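# Examining the three-dimensional arrangement
Okay, here's what each chain looks like letter by letter:
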Amino acid sequence: MDPVTIPCGHNYCMNCISSHWDEEDQRVHSCPQCRQTFSPRPVLVKNTMLADLVEELKKTGLQAAPADHCYAGPGDVACDFCTGRKLKALKSCLQCLVSYCEQHLQPHYESPAFEKHKLVDPSKKLQENVCSHHGVVMKIFCRTDQQCICYFCSVDEHKHHNTVLASAERTERQGELGTTRQKIQQRIQDREKDVKELQQELEAINRSADKAAKSTEKIFAQLVRLIKNRSSDVKQWIRSRQKNKVGRVKELQEKLQQEITELRRRDAELGQLSRTEDHTKFLHSYPSLACLSESTNTPSVNNSPLRYFEDVMAAVSDVRDKLQDILSEVWTKISLTEAEVDVLLPQPEPKTRAEFLQYSQQITLDPNTANMQLLLSDGNRKATVMREKQPYSSHPDRFTDMFQVLSSDALSGRHYWEVERSRCEVSVAVTYKDIGRTGYESGFGNDDKSWALECFNSSYEFRHKSTVTFISGPQSSKIGVYLDHRAGILSFYSVSETMSLLHRFGFIGFIRDTLGLFFISLFICTLQNN
């Protein structure tokens, strides 16, 4: 077997490649591996290096047959040089576009001719590195079209594009990859921290809910027992009063019944006397029977409507109504408390100014961050640009090149504030506290750590990472800013009789990519000529 190398760099047995080309069209010949064409037919010259390797193998003898697990299976990458049953490929060569088993890979390790060949893990997609139009390896990257191309593509359809070696682009992207991985790892840490905090919050919610449920159940049980006890007392009192009143009435009934009996007896005697014919007897008995004395011990009977316990029922009904009012008031307070603490659920953005003002926050400016030409006044709530420098002490947080100032307190959750501005340029922004303090990047909106709305006399601009978005909207002397940190919403409004949205930015995804920043801080920069 005489090994030969054809112009594309692939190696074949001279007899095999000659037989293959004899069967092809006599004018154009191609490589069976990469399909590169040659015209005229290349002159085949013996590859002495491979021939020497073959002779060396013949001298040393063949190695022992490999174990079955070394042979390529259905899902494995097979060695392209093995004949018969193929072994598993150990590496693939991006230069040769061939996969090699351990035995056939040795020349790449031992021969200087393969020193510059790039070996990678076995791959079935080596042909993806070959240009489909020209049949050669793609070693160039077109930045214009963001794709790998071959040399012929670079001088043809990609002639005037921005092209570099694929290896150089890989080196640059590798550096970006490291930065991206750092961001991803930081984001993982952030998410894990958030998950841990949410787990703690979940446990706190469950503990608080269990405690509240147990406590309220106990309180309501006490309330039920109190009501039952009071009900029993009222019932006992009613029965006691009933017994007394019934006893008095029955006593009166008995006395009246005795009187009725006595009167009926007297009436019978008088009737009998009236029927006697003996005048002497009649006259003798009449004085004692006809004399009817007035009853002094008989109580008078009350003929007014019977309303003995209606007042008790009215009093108990009044208690019931008051208790219902108290329970309704308590339930309202519970509902409002639940709405205030339920921060995990997404909240709709307010619509009216009154709704925004529910989240209003008074902003105080931090003198340690104010530029030397900013005068703070009105309790550090107003900033004015002055021609003269202010007598501030030196501080590492102070802005040196931009007329800017941060708020004293960081913001989280939902907040709304309004900024009064003059007719001069005013910039209102939200930024992280660790923004730079010097140079161009310290300007709000010039980096990835701040979001600024710049207000001019007749227009607005939103700035982030030095990218400017032009905004048209109604002019107003008052700018409203709504921040929902957890939901990742930052909105700017022109405030007049109505709230006119100027710009809304969803920032939470990007914020998590800015490493090491875990809190938000407000800045207001009011540019006014003195």
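In this convention, every chain numbers its residues from 1, walking through the sequence in written order. Only residues with pLDDT of at least 70 are given local features in this predicted model, and only at 80 or more are side-chain atom pairs given and counted; all residues enter the totals for whole chains, interfaces and linings. The side-chain values count all of the structure's non-hydrogen atoms but skip hydrogen atoms and water molecules.

### Re the overall build of the chain
Strands are runs of DSSP state E lasting at least 2 residues, helices are runs of H or I lasting at least 4, and numbering of each runs from the N terminus. Each helix and strand counted, the chain has nine helices and 22 strands in total. Buried, partly exposed and exposed residues are distinguished by accessible area as a fraction of the type maximum, computed with a 1.4 Å probe on protein chains only: under 20%, between the cut-offs, and over 50%, respectively. Within the span of the chain, comprising 530 residues, buried residues form 28% of the whole. Any pair of residues with heavy atoms lying within 4.5 Å of one another is described as a contacting pair. Taking as baseline every contact in the chain between residues at least 6 positions apart, the subset at least 24 positions apart corresponds to 52%. Carbon and sulfur atoms provide 53% of the accessible area of the chain, an area that totals close to 35,200 Å². Exposure was quantified through the Shrake-Rupley algorithm and a 1.4 Å probe, taking into account, for residues, occlusion by the shown protein chains and nothing else.

### A look at the nonpolar core
Counting 28 residues, the largest nonpolar core has Trp 417, Leu 453, Tyr 460, Leu 490, Phe 492 and Leu 502 as its most contacted members. The definition of a nonpolar core used throughout is a set of buried Ala, Val, Leu, Ile, Met, Phe, Trp, Tyr and Cys residues joined through side-chain atoms within 4.5 Å. Within the second largest apolar cluster, ten residues are counted, among which are Val 4, Ile 6, Ile 17 and Cys 31.

### Observations concerning helix α1 (residues 14-23)
Turning to α1, its buried residues number three or more, namely Ile 17, Ser 18 and Trp 21. Looking down the long axis of α1, one finds its buried residues gathered within 100° of arc, a one-sided arrangement. Opposite the packed face of α1, turned more than 90 degrees from it, sit the exposed residues Asn 15, Cys 16 and Glu 23. Looking at the buried positions of α1, the neighbouring elements they touch are β1 (3-5), β2 (11-13), β3 (29-30) and β4 (37-38). Our arc is simply the arc of the directions from the helix axis toward the C-beta atoms.

### Quick word on the sheet that holds strand β5 (residues 91-93)
Pairing between two strands is assigned when DSSP locates at least 2 bridges connecting them. One open sheet holds the three strands; their spatial order is β6-β5-β7, and the pairing between them is antiparallel. Every other strand in the sheet has two partners, leaving β6 (98-100) and β7 (119-120) as the edge strands with one partner each. Across two bridges, the pairing between β5 and β7 is antiparallel. Bridge pairing links Ser 92 to Val 120 in β7. Packed onto the sheet, helix α3 (residues 102-110) meets β5, β6 and β7 and runs at close to 110° relative to β6. All axes here are fitted lines through C-alpha atoms, helices being fitted over the stretch that makes contact, and every angle between N-to-C directions spans 0 to 180 degrees.

### Remarks on the confidence of the model for the chain
Mean pLDDT over the chain works out to 82, with 87% of the residues at or above the 70 mark. The score called pLDDT rates the predictor's confidence residue by residue, from a low of 0 to a high of 100. Taken as a whole, residues 339-344 scores under 50 in pLDDT and shows seven contacts with residues more than four places along the chain or in a different chain. When the criterion is pLDDT under 50, residues 508-530 qualifies, and its contacts beyond four places in sequence or with other chains add up to 96 contacts.

### Remarks on empty space enclosed by the protein
A 1.4 Å probe that fits but cannot get out identifies a cavity on a 1 Å grid over protein atoms alone, an open set with protein on both sides within 12 Å along at least five of seven lines counts as a pocket, and a residue lines either if it has an atom within 4 Å of a point. Grid points are joined across faces, edges and corners, and a volume is the space filled by probe spheres set on the points. Here the structure, examined in full by the defined rule, presents one cavity of 30 Å³ or more. Size it by volume and the largest cavity reaches roughly 50 Å³. In terms of lining residues, the largest cavity is bounded by Gln 361, Gln 362, Ile 363, Thr 364, Ser 407, Ser 408, Asp 409 and Leu 411. Asp, Glu, Lys and Arg are counted as charged, while Ala, Val, Leu, Ile, Met, Phe, Trp, Tyr, Cys and Pro are counted as nonpolar; the rest, among them Gly, fall into the polar class. Looking at the lining of the largest cavity residue by residue, the class counts come to two nonpolar, five polar and one charged.

### Focus: the pairing of strand β19 (residues 478-484)
Along any regular strand the residues' side chains alternate between the sheet's two faces. Counting buried positions along β19 gives six out of seven residues, so the element sits mostly inside the fold. Where strand β14 (residues 414-420) lies against β19, seven bridges are found, and the strand directions are antiparallel. Bridged to Tyr 416 within β19 is Tyr 482. Sheet analysis places β19 next to strand β20 (residues 489-495), joined by six bridges and oriented antiparallel. Its bridge partner being in β20, Tyr 482 is matched across the sheet by Ser 491. With antiparallel pairing between neighbouring strands as the criterion, β19 and β20 make up a hairpin whose turn holds four residues, including Gly 488 at a positive phi of roughly 75°.

### Digging into the side chain of Arg 437
Position of Arg 437 among the secondary structure elements: in the loop between β15 (426-431) and β16 (450-455). Counted as positive: Lys and Arg. Counted as negative: Asp and Glu. His and the chain ends are not counted at all. By salt bridge we mean one thing: a side-chain nitrogen of Lys or Arg within 4 Å of a carboxyl oxygen of Asp or Glu. Lacking a salt bridge, the buried Arg 437 has Asp 397 as its closest oppositely charged neighbour, with an N-O distance of 4.1 Å. Throughout this description, a polar contact denotes any pair of N or O atoms lying within 3.5 Å of each other; where both atoms belong to protein, one of them has to be capable of donating a hydrogen while the other can accept it, and for residues adjacent in sequence the pair is counted only when both atoms sit in side chains. Of note is the side chain of Arg 437, whose polar atom sits 2.5 Å from the backbone oxygen of Asp 397. Separated by 3.0 Å, the side chain of Arg 437 and the backbone oxygen of Lys 433 make a polar contact. If we ignore the near neighbours within four places in the chain, the residues touching Arg 437 are Thr 369, Pro 396, Asp 397, Arg 398, Phe 399, Thr 400, Asp 401, Leu 406 and Ser 442.

### Considerations on α3
Restricting attention to buried positions, one finds in α3 the residues Leu 105, Pro 107 and His 108. One face of α3 carries all of its buried residues, which in axial projection span an arc of 135°. Projecting away from the buried face of α3 at angles above 90 degrees are the exposed residues Glu 102 and Glu 110.

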